[in-house]
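Report on the structure
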Amino acid sequence: MDMHLKNLFARFHEQFGSGPGLGPGSGTCLLKVEGISPPFIKSLYRAAAALYRTDPWRRLCPVHLFGVRVGKDSDWSGNKQPFPCIQFIGGDGGDLGFHMFRSANDAKRMTGSRETIRVPNVEVFRVTYELESLMFPSNKKVVKSFALEVSGTDRFPVIDVARCNSSGVLQFRNPSLEELRFVYAVMRAISLVHPLLQQDDDACPKWSRVMKFEPFIETVDAQWPPEMAKGSDLVAVTVSHPPGQGYQEKASSTASSTPTKHTDPPRDENFMDLQLSYYSVGLRQCVMCEREVHGQQSLTCDQCRAVSYCSALCQKQHWKETHNTLCRLYKGMMEREEELEVKIFTFPCSADLPCNWLEALGIHQKGMWRRKCSCFSHCPFGLLPAKDGLWDSWGGLDDDEYPVDSPLTVGFLSPILLSGWLEYYNLRSLPLSSPVSDILSHPLTLYYILTSLSISTKNRLLNGKEVVLHYLGPEGELDWMPAFAEIGHLLNGTGNIQIVMVGPEVPMNLSGTTSGISNRVRVNLVSGLYQEEAAYLSSPHVIVGLNCRLENYASWVDALHLIKSMGVPAFFTDQSEISCANAKQVLQSAGLNVTQPVTPNPFRSPVRNHGPCNNLPSYSNGFLFGVNT
């Protein structure tokens, strides 16, 4: 932190005994945490607000204890998780918040019937959502000057560590930087996981108001913000109920790897049947000769179980030519299949036979979904006949199953930062049975890049300026303009975005047209190759290519040389980690280096396909990476 700022807030502390993250009278102050920075504090408040929006107190109370584990034990001081037990307080009255403990035993000792019991020499990490009307004037001034995100409509998190001494007097201290990193990851993970809890109707008397849940353990990837990342952008967070459920840590695991789970969330029976039928009847394409064979008649590599062949002859030839160098990479990808699968949704998430999948959802050949199968392949991109009205665009889904075309009012005027699908669905009050994420993957990936990955565009939006984005190679997106309007709502009253979509699939009769899809987002369409059209376009602040398949088209080479000469930040997505690895080779041949690690995209489509040439799971916008960043 800049020294003049630190001195300024130190004076606030001396005058009022408070600062951001303070409880009245506790005397703690986040700004006095060694090594903390304003972006770190902002990220903590964003994570706390995201958790608050999921309203865990609707079902959870102090008797519901959860075990939490962030990364590996060796990632933390003393090779020990700082506060591996969490409970939510205030659901049955009192201040809303959560407490974190050194152990489940400490939590049980301090949990009373109505309030927290003081137990000598036991520390508890407290996050309490304090009403803005009760905050000290100095707190309000600091919150406003930092533009810290509000939780709900009128609350801000109060953060401290409390301890009762042997004489029964409460003492408070500032949390450490490491403890704050731990709690940040937990808040992100809990907001994704707690809605998955299944009620156990047989576990408690019918007259009881306390809900009980079935045993549960789930692992999710939490994304560190840039100022918190240490070697990896993601960290695996395991949440279990009750605490102490078993898992095994793999010997080769890293800080971002996922522990082995021993139980899975319940799955919808219809989904299981549909998924199995896709796998059993789907055709596979020989990776060598491209001949199509029935899935049950195809051969697969014994080592990686990823690639398919029509015969042993093709398998041997492919091994000699290329597969011997890629087999280990493919095997690693297959081992991560369960980790990478998006599991929060209750609609069928496998679409090897897209027409069947759309039929099962009742949206086949309707609205924007017409681009999700080949039934309208005869119609050029961007020229599907369309009816007026959002209901028709979303294929006649129920009114509460798609995002309404109306602005969001969330706290200060500032772009809403999102970390994943569950956070977005909660924000828009959408049921997890709604399949809109499959189409929204494109606009929300775009929004995620602009507000979370590209610092320059994020700053421009925060300052109310316009961002010019060159969007390369659009296809189905040309018929999904109603979905791209959601970007304007998420901007929440700040900044504007001009999206210039450039590609050979843009129809000539649409080239040069401009569409104002919302009051903050407009789209320009340009037909042609980017390297030939770029000189006539407005200079971009960022360049994006989604599901770009760099290795499949020779025309990308000249476009990449141009991007290198422009020096503009560029971001790309592809369907799998392996296709991204191939894309990296194309980039390197063009003189570009990937400056952002290839990572799973939090807004990848949850609908999984198995590629025609292999058994690897693929997701639209599955992985993303950046160059020139």
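Below or above, wherever it landed, is the structure these notes cover. All values derive from a computational prediction rather than experimental measurement. (Residues numbered from 1 in each chain as written. Predicted model: local features only at pLDDT ≥ 70, side-chain atom pairs only at ≥ 80, totals over all residues. Heavy atoms only, no water.)

**Comments concerning the pairing of strand β8 (residues 234-241)**
For β8, the tally of buried residues reaches eight of eight residues, placing the bulk of the element in the interior. Burial of the side chains of β8 extends over both faces: L234, A236, T238 and S240 are buried on one face and V235, V237, V239 and H241 on the other. In terms of strand pairing, strand β7 (residues 216-223) meets β8 through eight bridges, oriented antiparallel. Within β8, the residue paired with V220 across the bridge is V237. (Buried < 20%, exposed > 50% of the residue type's maximum accessible area, 1.4 Å probe, protein only. Helix = DSSP H or I, 4+ residues; strand = E, 2+ residues; numbered from the N terminus. Pairing = 2+ DSSP bridges.)

**Details of the packing of helix α12 (residues 437-453) against helix α13 (residues 455-462)**
It is at 6 Å that the axes of α12 and α13 come closest, and there the two elements cross at 90°. By the angle between their directions, the pair α12 and α13 is classed as roughly perpendicular. From α12, I449, L450, T451 and L453 reach across to α13, where they touch I455, T457, K458 and L461. Each residue belonging to the contact of α12 with α13 can be placed in one class, and the counts come to five nonpolar, two polar and one charged. (Axes fitted to C-alpha atoms, helices over the stretch in contact; angles between N-to-C directions. Parallel < 35°, antiparallel > 145°, perpendicular 65-115°, else oblique. Contact = heavy atoms within 4.5 Å. Nonpolar A, V, L, I, M, F, W, Y, C, P; charged D, E, K, R; others polar.)

**Overview of the nonpolar core**
Ranked by size, the top nonpolar core spans 122 residues in total, and within it F98, M100, W394, W421, Y424 and I499 carry the most contacts. Ranked by the residues each element gives to this core, the list is headed by helix α5 (residues 177-193), at eleven residues. When we break this core down by domain, the ones giving at least three residues each are domain 1 (18-200 + 211-241) and domain 3 (423-627). Discounting residues that sit within four places of it in the chain, F98 has contacts with L51, I86, Q87, F88, I89, F125, R126, V127, Y129, V183 and M187. (Core = buried A, V, L, I, M, F, W, Y, C linked by side-chain atoms within 4.5 Å. Domains from an automatic or database assignment.)

**Things to note about helix α16 (residues 556-566)**
Among the residues of α16, W556, A559, L560 and I563 are the ones counted as buried. Projection of α16 onto a plane perpendicular to its axis shows the buried side chains occupying an angular sector of 100°, all on one side. Immediately beyond the C-terminal end of α16, within one or two residues, lies G567, with a positive phi of roughly 70°. (Arc of directions from axis to C-beta.)

**Let's talk about the pairing of strand β15 (residues 514-518)**
Looking at chain direction, β15 and strand β16 (residues 521-527) are connected through three bridges and run antiparallel. By the bridge assignment, S518 is partnered in β16 with V521. Linking β15 to β16, which pair antiparallel, is a turn of two residues.

**Some details on the packing of aromatic side chains**
Applying the stated criterion across every chain yields a total of 22 aromatic pairs. Between Y52 and W57 the ring centres are 5.5 Å apart and the planes differ by 55°, which places this aromatic pair in the tilted class. Like W57, Y52 is buried. Between W556 and F572, the aromatic rings sit 6.1 Å apart at their centres with planes inclined by 80°, giving edge-to-face as the arrangement. Taken together, the residues span a long stretch of sequence, with W556 in helix α16 and F572 in strand β18 (residues 570-574) at a distance of 16 residues. Taken as a pair, W556 and F572 share a single burial class, namely buried. For the cation-ring pair, R604 lies above Y619, with the distance from its terminal atom to the ring centre recorded as 5.9 Å. (Phe/Tyr/Trp six-rings, centres within 6.5 Å; stacked < 30°, edge-to-face > 60°. Lys NZ or Arg CZ within 6 Å of the ring centre and 35° of its normal.)

**Focus on the sheet that holds strand β4 (residues 123-131)**
Read across the sheet, eight strands follow the order β6-β5-β4-β3-β2-β1-β8-β7 without closing on themselves; strand pairing throughout is antiparallel. If you trace the sheet from one side to the other, it starts and ends with β6 (170-173) and β7, each paired once. On average, each strand axis in the sheet is inclined to that of its neighbour by 30°, with strand direction left out of account. Bridge count between strand β5 (residues 155-164) and β6: four bridges; the pairing is antiparallel. Paired with R163 across the strands is Q171, a residue of β6.

**Notes on the sheet that holds strand β14 (residues 496-503)**
Either a parallel or an antiparallel arrangement is found when strands of a sheet pair, and the pairing is made through backbone hydrogen bonds. Taken in spatial order, the eight strands make up an open sheet running β15-β16-β14-β13-β17-β18-β22-β19, and their pairing is mixed. In this open sheet, the two strands that pair with only one neighbour each are β15 and β19 (594-600). The sheet shows a mean angle of 20° between the axes of neighbouring strands, direction not considered. Here α12 sits on the sheet and contacts β13 (466-472), β14, β17 (542-545), β18, β19 and β22 (623-627); the angle it forms with β13, its principal contact strand, is near 130°. Relative to β18, α16 is tilted by about 145°, and along the sheet it contacts β13, β17 and β18.

**A short note on the packing of α12 against helix α14 (residues 481-490)**
Across the interface, α12 lies against α14 with an axial gap of 8 Å and an inter-helix angle of 35°. Note that α12 runs across α14; the crossing there is right-handed. Contact residues: α12 offers I439, L440, H442, P443, L444, L446 and Y447, while α14 offers A483, F484, E486, I487 and L490. (Left-handed = near helix turned anticlockwise from the far one by under 90°.)

**So, the pattern of salt bridges**
For the structure on display, the rule yields 14 salt bridges. When the shortest N-O distance is used, the salt bridge between R53 and E423 registers 3.4 Å. Taken together, the positions of R53 in helix α2 (residues 38-53) and E423 in helix α11 (residues 421-427) put the pair 370 residues apart, joining distant regions of the chain. Take R53 and E423: they sit in the same class, and that class is buried. Salt-bridge contacts for D479 lead to R371; the nearest nitrogen and oxygen are separated by 2.7 Å. Of this pair, D479 sits in the loop between β13 and α14 while R371 sits in the loop between α9 (354-361) and α10 (390-393), and the two are 108 residues apart along the sequence. Assessed through its relative accessible area of 12%, D479 is described here as buried. Judged by its relative accessible area of 13%, R371 falls in the buried class. The network of salt bridges with common partners includes R53, E149, R188 and E423. (Salt bridge = Lys/Arg side-chain N within 4 Å of Asp/Glu carboxyl O.)

Function-wise, these values are silent; they only describe arrangement.
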